[in-house]
Amino acid sequence: MNASVAYHQSQAFRGLVALILAYLLWSFGVVLFKLLDGVPAIDIVAHRVVWSFLFLLPVMIFASRWHSCYAVLTTPKLLGGLIITSLLISINWLVFVWSIETDRVVQSSLGYYINPLVSVLLGVMVLSERLRVAQIISLLLATMSVGAMLLLLGVVPWISMALAVSFALYGLLRKMIAVNHLDGLFIETALLLPIALGWLLLRSNAPEMTGLPPVDVGLREWMLLALGGPATAIPLLLFTYGVRRRSLTVAGFTQYINPTLQLLLAVFVYAEAFGGSHLLVFAGIWMALAIFLFDLIWHEKERAREIEGS
């Protein structure tokens, strides 16, 4: 087997594994933020930024990534791109945590079901990615299912759309920006750190100026907020690692793991409303995912056979 081909195949496999692990870990963020009931969403997001930075700092020191970080910070195009991605991911975090806080996990799961459709669309329109026939069928089936759900809801699900668009754009830009996944995430959190610290200091010293009531954060809450650092950074590291090694189409459709687990938690653990009509719509989405994954596995096996025979 050609060494470069073997390396590419290995990187593609690692990218897929990283994406799957990222989505599994993200889905259990629902549990973590539900346990922080009573802490305002914007406070939680500010803590996520601070604790993510503190988690990544020793990793950066151990990995000796300062030279590459300096190169990014002194390259206006790269730095400008990361400023945009830091804003996108902070919007995504805020909407996601607020949806959990207000018992709208079903809507957030819908957002992450819509997100792969936006990712695939961006991949085709911006990156000129090509879809196989089975992938087109999956995309059409998933699109019709999501459209049917929007009609059933009877309202514009702004939570779902905000989550879908913000994260799809984040994934696209992180794929296009030539920055190491660790360097990029560390710089993103560093860019958000002054804003997060400023907000937390304001909440601590002058809560009346924020328009939110003061919150008594005890030891339990501090431990959960600190856990939010690695719970935020690790999945994002895995995601940015994976999205640079797989197409946006693959990254988009494998993301269905996350909203499916979110939905199960919302319905069976947190008892959010979910009727028969919703089940019918979600069944269409699950079928689209099954078709896509079957095609992906078959295609990967065919490529492996071709490589072995060459």
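Everything numeric in this text was worked out from a predicted model, so none of it was measured.

S.K.: What is the right way to look at the overall build of the protein in this model?
M.R.: Within the protein, the secondary structure is distributed over 13 helices and zero strands. The secondary structure elements of the protein, listed N-terminal to C-terminal, are α-α-α-α-α-α-α-α-α-α-α-α-α. For 310 residues, the compact-globule estimate of 2.2 N^0.38 gives 19 Å, and the protein sits close to it at 20 Å. Expressed along its principal axes, the backbone C-alpha trace of the protein runs to roughly 65 × 55 × 30 Å. Burial status across the protein gives 49% buried among its 310 residues. Sequence-distant contacts in the protein: of pairs separated by 6 or more residues, those separated by 24 or more amount to 88%. On the protein, roughly 14800 Å² of surface is accessible, and the fraction owed to carbon and sulfur atoms is 72%. In the protein, which carries 18 positive and 16 negative side-chain charges, the distance between the mean positions of the two groups comes to 9 Å.

S.K.: What is the right way to look at the nonpolar core in this model?
M.R.: Grouped burial of nonpolar side chains is what soluble globular proteins tend to show. Within the largest apolar cluster, 84 residues are counted, with the highest numbers of intra-cluster contacts made by Phe33, Phe239 and Tyr256. Ranked by residue count, the leading element in this core is helix α6 (residues 105-126), at 10 residues. With residues near it in sequence (within four places) discarded, phenylalanine 33 still touches Ile44, Arg48, Phe96, Val97 and Ile100.

S.K.: Looking at this structure, how should I read a nonpolar patch on the surface?
M.R.: A grouping of Phe13, Val17, Ile20, Leu21 and Leu24 is seen on the molecular surface, where their side chains present a nonpolar patch of about 400 Å² in accessible area. Along the chain, isoleucine 20 turns up in helix α1 (residues 3-27).

S.K.: Whenever I open this one, the packing of helix α8 (residues 158-176) against helix α10 (residues 219-243) confuses me. Can you help?
M.R.: For any two helices packed against each other, one specifies the inter-axial angle together with the distance between the axes. The N-to-C vectors of α8 and α10 enclose an angle of 60 degrees; their axes lie 9 Å apart at closest approach. Between α8 and α10, the angle falls in the class oblique. Considering the relative orientation of α8 and α10, their crossing is right-handed. Contact residues: α8 offers Phe167, Tyr170, Gly171, Arg174 and Lys175, while α10 offers Leu236, Phe239, Thr240 and Val243. Of the residues assigned to the contact of α8 with α10, the class counts are five nonpolar, two polar and two charged.

S.K.: Looking at this structure, how should I read helix α12 (residues 257-269)?
M.R.: Since one α-helical turn is 3.6 residues long, residues separated by three or four positions face the same way. An ideal rise of 1.5 Å per residue puts 18 Å on 13 residues; α12 measures up with 17 Å between its terminal C-alpha atoms. Burial in α12 covers these residues: Asn258, Pro259, Thr260, Gln262, Leu263, Leu265 and Ala266. The positive-phi residue at the C-terminal boundary of α12 is alanine 271, with phi of around 55 degrees.

S.K.: How should unusual backbone geometry be read in this particular structure?
M.R.: In terms of backbone geometry, most residues other than glycine have negative phi values and most peptide bonds are trans. Even without being glycine, serine 64 reaches a positive phi, approximately 55 degrees. With respect to the helices and strands, serine 64 occurs in the loop between α3 (41-63) and α4 (66-73). Overall, serine 64 belongs to the exposed group, its relative accessible area being 57%. Positive phi outside glycine occurs at serine 128, with the angle close to 60 degrees. Its location among the elements puts serine 128 in the loop between α6 and α7 (133-153). Take serine 128: its relative accessible area is 56%, and that puts it in the exposed class.

S.K.: Please clarify how the side chain of glutamine 135 should be interpreted in this entry.
M.R.: Its place among the elements puts glutamine 135 in helix α7. Glutamine 135 sits in the buried class, given a relative accessible area of 4%. Other than its neighbours up to four places away in sequence, glutamine 135 contacts Arg130, Thr249, Phe292 and Asp295.

S.K.: Is there a simple way to think about the pattern of salt bridges in this case?
M.R.: Close approach of charged atoms lets side chains of opposite charge pair. One pass over the full model with this rule turns up six salt bridges. For aspartate 103, the salt bridge identified is with lysine 34, shortest N-O distance 2.5 Å. With aspartate 103 in the loop between α5 (76-101) and α6 and lysine 34 in helix α2 (residues 29-34), this pair connects stretches of sequence that are 69 residues apart. What makes aspartate 103 partly exposed here is its relative accessible area of 49%. Salt-bridge contacts for arginine 132 lead to aspartate 295; the nearest nitrogen and oxygen are separated by 2.9 Å. Note that arginine 132 is positioned in the loop between α6 and α7 and aspartate 295 in helix α13 (residues 276-309), a separation of 163 residues in sequence.

What counts as what
- Residues numbered from 1 in each chain as written.
- Predicted model: local features only at pLDDT ≥ 70, side-chain atom pairs only at ≥ 80, totals over all residues.
- Heavy atoms only, no water.
- Helix = DSSP H or I, 4+ residues; strand = E, 2+ residues; numbered from the N terminus.
- Rg over C-alpha atoms; globule rule 2.2 N^0.38 Å.
- Buried < 20%, exposed > 50% of the residue type's maximum accessible area, 1.4 Å probe, protein only.
- Contact = heavy atoms within 4.5 Å.
- Areas by Shrake-Rupley, 256 points an atom, 1.4 Å probe, with all protein chains shown as cover.
- Lys, Arg positive; Asp, Glu negative; His and termini not counted.
- Charge placed at Lys NZ, Arg CZ, Asp CG, Glu CD.
- Core = buried A, V, L, I, M, F, W, Y, C linked by side-chain atoms within 4.5 Å.
- Patch = residues over 30% accessible without salt bridge, like charges linked within 9 Å, V, L, I, M, F, W, Y side chains within 5 Å.
- Salt bridge = Lys/Arg side-chain N within 4 Å of Asp/Glu carboxyl O.
- Axes fitted to C-alpha atoms, helices over the stretch in contact; angles between N-to-C directions.
- Parallel < 35°, antiparallel > 145°, perpendicular 65-115°, else oblique.
- Left-handed = near helix turned anticlockwise from the far one by under 90°.
- Nonpolar A, V, L, I, M, F, W, Y, C, P; charged D, E, K, R; others polar.
- Expected span 1.5 Å × (residues − 1).

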